[in-house]
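# Chain and residue survey
Spelled out from the first residue to the last, the chains are:
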Amino acid sequence: MKRAIFVAMLTMLMMVGSVVASAAYPPEYLNDGDLILCGHLNGTAWYIDKNSVQVEQEEPPMYTITYQVFAARYDVNTGEVTRVFEAMPHRCRYDVDKTMMFGFNFNRDYSQWALVKPDEQGGPIEYSGELAWYIAYGTKFYGNGYPSYFKDEIYVRVDNAH
C-alpha cells in the first residue's frame, strides 16, 4: 500500500514538473540584437536598448547613465513576443566608492532616487542598471561582488549582442 501511494505521488510530481518545464522564455534579443533581455515575469519581458545607453555624468566616484527599456508581452507557452510597448526612460546613478546604485523614480515626482539593492529579487531596474553600466564601461558593477545575484549569462547576452 505504501509503495502504491509513493508511486502515485511520484507520478503526480512528474506530471507537475513537466507542466512547469514546458513554460517558454522570451527571446534574449529583439530588433537584430539592439534590445537585450534584462528581465521577464509572467508574460512580460523587459529589454534594454543598448544603443540608448549614454553616460550623462562622469565625475568619479559618481556616475550617471541614462538608457531606455522596452516592455514586451510574450506567450508563456511559446516564448513568442506578441507586443512591444513604447520605450521607458531610465536613469541610474552609481557611487563607485560605496558600490551603490540608485534608480531614478520616473513614476512619481521625477525627483527621487531609490537605492537599487543587489540582494533583492531581480527586476528590470536592477538588471537594466547593471547592464547599462556593463554596456558603457565593459565591466560589472554589482556583478563582481554579488555573483549569485547577477549571473554571468546577463553579461554574455551583452557580449553576444550584434
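Residues numbered from 1 in each chain as written. Predicted model: local features only at pLDDT ≥ 70, side-chain atom pairs only at ≥ 80, totals over all residues. Heavy atoms only, no water.

### A look at the overall build of the protein
Our working definition: Helix and strand definitions follow DSSP, with helices as H or I runs of at least four residues and strands as E runs of at least two, each counted in order from the N terminus. Think of it in three bands: residues with accessible area under 20% of the maximum for their type are buried, residues over 50% are exposed, and the middle band is partly exposed, with areas taken using a 1.4 Å probe on protein chains only. Any pair of residues with heavy atoms lying within 4.5 Å of one another is described as a contacting pair.
For the protein, the helix and strand inventory stands at three helices and eight strands. Beginning at the N terminus, the succession of helices and strands in the protein can be written as α-β-β-β-β-β-β-β-β-α-α. Considering the protein as a whole, with its 162 residues, one finds that 38% of them fall into the buried category. Pairs at least 24 apart in sequence give 49% of the contacts found in the protein among residues at least 6 apart.

### Considerations on the environment of Y74
The line we're drawing: Polar contacts, as used here, are pairs of N or O atoms within 3.5 Å; protein pairs need one atom able to donate a hydrogen and one able to accept it. Residues neighboring in sequence count only if both atoms are side-chain atoms.
As for its position among the elements, Y74 is in strand β5 (residues 62-74). Remark: the alpha-carbon pair of Y74 and T44, spanning 30 residues in sequence, is separated by 6.1 Å. At 3.4 Å, the side chain of Y74 forms a polar contact with the side chain of H40.

### What about the packing of aromatic side chains?
This is how the line gets drawn: Note on ring pairs: Phe, Tyr and Trp rings are taken, using the six-membered ring of Trp, and paired if centres are within 6.5 Å. Classes follow the plane angle, with under 30 degrees stacked, over 60 edge-to-face and the rest tilted.
All told, the structure shown has nine aromatic pairs when counted by the stated rule. Here Y63 and W133 contribute two aromatic rings whose centre-to-centre distance is 5.3 Å and whose plane-to-plane angle is 85 degrees, an arrangement assigned as edge-to-face. Pair noted here: Y63 is in strand β5 and W133 is in helix α2 (residues 124-137), with a separation of 70 residues, a long-range link. By relative accessible area, which is 7% here, W133 ends up buried. Aromatic rings pair up to connect Y63, Y94, W133, Y137, F141 and Y142 into one cluster.

### Some thoughts on the nonpolar core
Across soluble globular proteins, nonpolar side chains have a tendency to be buried as a group. Convention followed: Buried residues of nine kinds, namely Ala, Val, Leu, Ile, Met, Phe, Trp, Tyr and Cys, make up a nonpolar core once their side-chain atoms join them within 4.5 Å.
In terms of nonpolar packing, the biggest core is built from 26 residues, with I48, I65, Y67, Y94 and M101 touching the most fellow members. Secondary structure elements with two or more residues in this core: β2 (35-41), β3 (44-49), β5, β6 (81-95), α2 and α3 (152-160). Apart from residues lying up to four places away in sequence, M101 is in contact with C92, R93, Y94, A114, L115, V116, E126, G129, E130, F141 and Y142. Counting residues in hydrophobic clusters, the runner-up holds eight residues, among them L35, L37, A72 and Y74.

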